[in-house]
Every structure is written in C-alpha cells, then in structure tokens.
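Listed below, chain by chain, are the residues.
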Amino acid sequence: MYEQIKLSYAFDALEPHIDTLTMETHYGKHHATYTKNLNEAAEKAGVADQPIEKLLEKPEQIPEEFRTAIRNNGGGFYNHNLYFETLSPNAAAAPEGKLLDKINATFDSLDDLKAELTKLAMGQFGSGWAWLSADWAGNLVISQSANQDNPISLGTELTPILTIDVWEHAYYLKYKNLRGDYVKALWNVIDWKKVEERYDAIVDP
Ligand code: MN3
C-alpha cells in the first residue's frame, strides 16, 4: 500500500505563498488520486510489494499493460510526496554543512542555484517539474522533466532532493498564468533543512 506523506502543517499554513484552496485541491484531490490509481494498478500488476523507486527505475519488471499507468501515477505519487515534504511554514532559508559547501562549489552560491532552478521551472514547456538531485558520490545535478516523469523514471540513477511542481494545478487558482510569481513565492516555503537531510542521507548513509 503506497501512502501519501502526512503533512506536518495545515492546509492554510503556507499562506500567502501557497493558498489554502490550492493546498486542499493539490494534496487532497490530485495527489490523492495519483496515489489511489497507483495502488490499483500496482495491485493488478502484482508489484505492490515493491518500493516505488524500484518500480520507476526498473519498469521492465512490470507487466507491459500496466507500465504506463504506474509510470504516470507512480511518478505523481513519488513527486508530490517529495514536493509536499519539502515545504514548511517555518522554512530554513538556506542549507548548512556539506550541502551548502557542495552548492557553493558547484553553482557558486545558493542564489545562483535558485536562479538556475527557477530558469528550468520557467522553461519547462507545459506540465512538469524542475529538480535538484544528487548522485551516489554527492555531486549535484539540476534538470527538468515533463508530465510525471522524474530523474528516477528517466533512468539517470540520481536521487532527487528538491523539486518544483510546475503543473498549472500547483498555482493556477492563485497565480493564474503567472508561473514566475508562483515559483518566486515558493522559495519562501521551501525548507532547506529538509533538502539538507535528504542530501546527508545520501553522502552519510
Ligand atoms: Mn502537482
């Protein structure tokens, strides 16, 4: 049974950056539906005992008729768990330690990394995501993906540590067509402490 992460904050806690109705709809409807559809498809396919990362990484183990459903709904399940888990009303504005060192070494500064990620989020045509990921050695990579694909389902062997949802359902109720205003506001509630924890789990398992 795949389960949505439990939110550590209320639907209205991310106001004014992310509005209450968007949170209710995004988590309560969109994410809930991906999760329900993933569970149904994985049960029918006989692979529901597998971790979601394994299903996304090695779809060849899934009977062919269920692969598209599991790639799309499994991606939607995984991506939103990471997205919602990283948000917080008391977000740390910067990481510390090894992650901050690596960001400075790779992108020059945290602000430069945020600018690069914003560019990817803005440049994703149609629905999709922007990503910060790490490889097994802790090297950082930024990327974008369409639909519910992610660095795992795209076969990159990277582990995502931060994501930005740029599907219209993530911002349209409040920001309408202004994706840039949403991404700018989202940075206020992205908790770098959480990103750092995910990074440390890769480099210091
Ligand atoms: Mn979404």
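Keep in mind the model is a prediction, meaning the values are calculated, not measured. (Residues numbered from 1 in each chain as written. Predicted model: local features only at pLDDT ≥ 70, side-chain atom pairs only at ≥ 80, totals over all residues. Heavy atoms only, no water.)

*Asks:* Even after reading the chapter, I still don't get the coordination of the manganese ion, so can you show me in this structure?
*Replies:* Four donors placed tetrahedrally around a metal ideally meet at 109.5 degrees, and six donors placed octahedrally ideally meet at 90 or 180 degrees. Taken together, His26 (NE2), His80 (NE2), Asp165 (OD) and His169 (NE2) make up the full set of protein donors to the manganese ion, lying 1.9 to 2.1 Å away. Positions of the donor residues of the manganese ion along the chain correspond to the pattern H-x53-H-x84-D-x3-H. In this pair, His26 sits in helix α1 (residues 20-45) while His80 sits in helix α3 (residues 64-86), placing the two residues 54 residues apart along the sequence. Note on His26: relative accessible area 1%, which makes it buried. (Donors = N, O, S within 2.8 Å, 3.2 Å for Na, K, Ca; no water. Helix = DSSP H or I, 4+ residues; strand = E, 2+ residues; numbered from the N terminus. Buried < 20%, exposed > 50% of the residue type's maximum accessible area, 1.4 Å probe, protein only.)

*Asks:* It is not clear to me how the packing of aromatic side chains should be interpreted in this structure. Could you clarify?
*Replies:* For any pair of aromatic rings, geometry is given as the distance between the ring centres together with the angle between the planes. For the structure shown, the criterion picks out nine aromatic pairs. For the ring pair Tyr83 and Trp129, a centre distance of 6.2 Å and an interplane angle of 80° mean the geometry is edge-to-face. Linking Tyr83 in helix α3 with Trp129 in strand β1 (residues 128-134), this pair joins segments that are 46 residues apart in sequence. We classify Tyr83 as buried; its relative accessible area is 1%. Seen from their ring centres, Tyr175 and Tyr182 are 6.3 Å apart, and the 55° between their planes marks the pair as tilted. As far as the burial class goes, Tyr175 and Tyr182 line up, both buried. Connected via pairs of aromatic rings, a cluster forms that spans Phe11, Tyr27, Tyr83, Phe84, Trp129 and Trp131. (Phe/Tyr/Trp six-rings, centres within 6.5 Å; stacked < 30°, edge-to-face > 60°.)

*Asks:* What am I meant to see in the nonpolar core here?
*Replies:* Buried together is how nonpolar side chains tend to be arranged in soluble globular proteins. Leu132, Leu140, Ile164, Tyr182, Leu186 and Trp192 are the most contacted members of the largest nonpolar core, which has 45 residues in total. Every element with two or more residues in this core is listed here: α1, α3, α4 (97-107), α5 (110-123), β1, β3 (159-165), α7 (179-186) and α8 (192-203). When residues are assigned to domains, this core turns out to be shared by domain 1 (20-85) and domain 2 (97-203), each giving three or more. Setting aside residues up to four positions removed in sequence, Leu140 forms contacts with Leu99, Lys102, Ile103, Thr106, Phe107, Leu132, Ser133, Ala134, Ile161 and Tyr199. (Core = buried A, V, L, I, M, F, W, Y, C linked by side-chain atoms within 4.5 Å. Domains from an automatic or database assignment. Contact = heavy atoms within 4.5 Å.)

*Asks:* I tried to follow the sheet that holds strand β2 (residues 140-146) on my own but got confused; where do I start?
*Replies:* Strand pairing within a sheet occurs via backbone hydrogen bonds; the two strands may be parallel or antiparallel. Read from one edge of the open sheet, three strands run β2-β1-β3, paired in antiparallel fashion. A strand with exactly one partner marks an edge of an open sheet, and here the two such strands are β2 and β3. Neighbouring strand axes in the sheet, compared pairwise and without regard to direction, differ in orientation by 25° on average. Both β1 and β2 contribute to a ladder of seven bridges, which runs antiparallel. From the neighbouring strand, Ala134 faces β2, where its bridge partner is Leu140. Where α5 meets the sheet, its contacts fall on β1, β2 and β3, and the angle it forms with β2 comes to roughly 15°. (Pairing = 2+ DSSP bridges. Axes fitted to C-alpha atoms, helices over the stretch in contact; angles between N-to-C directions.)

*Asks:* What am I meant to see in α5 here?
*Replies:* Since the α-helix advances by 3.6 residues per turn, residues separated by three or four positions end up pointing in the same direction. Between its terminal C-alpha atoms α5 stretches 20 Å, which fits the 20 Å expected from 14 residues at 1.5 Å a residue. Those residues of α5 lying buried are Leu110, Leu113, Lys114, Leu117, Leu120 and Ala121. Within α5, the buried residues cover an arc of 125° as seen down the axis, which keeps them to one side. Across α5 from its buried face, at more than 90 degrees, point the exposed residues Asp111 and Lys119. Buried residues along α5 sit against α4, β1, β2, β3, α7 and α8. (Expected span 1.5 Å × (residues − 1). Arc of directions from axis to C-beta.)

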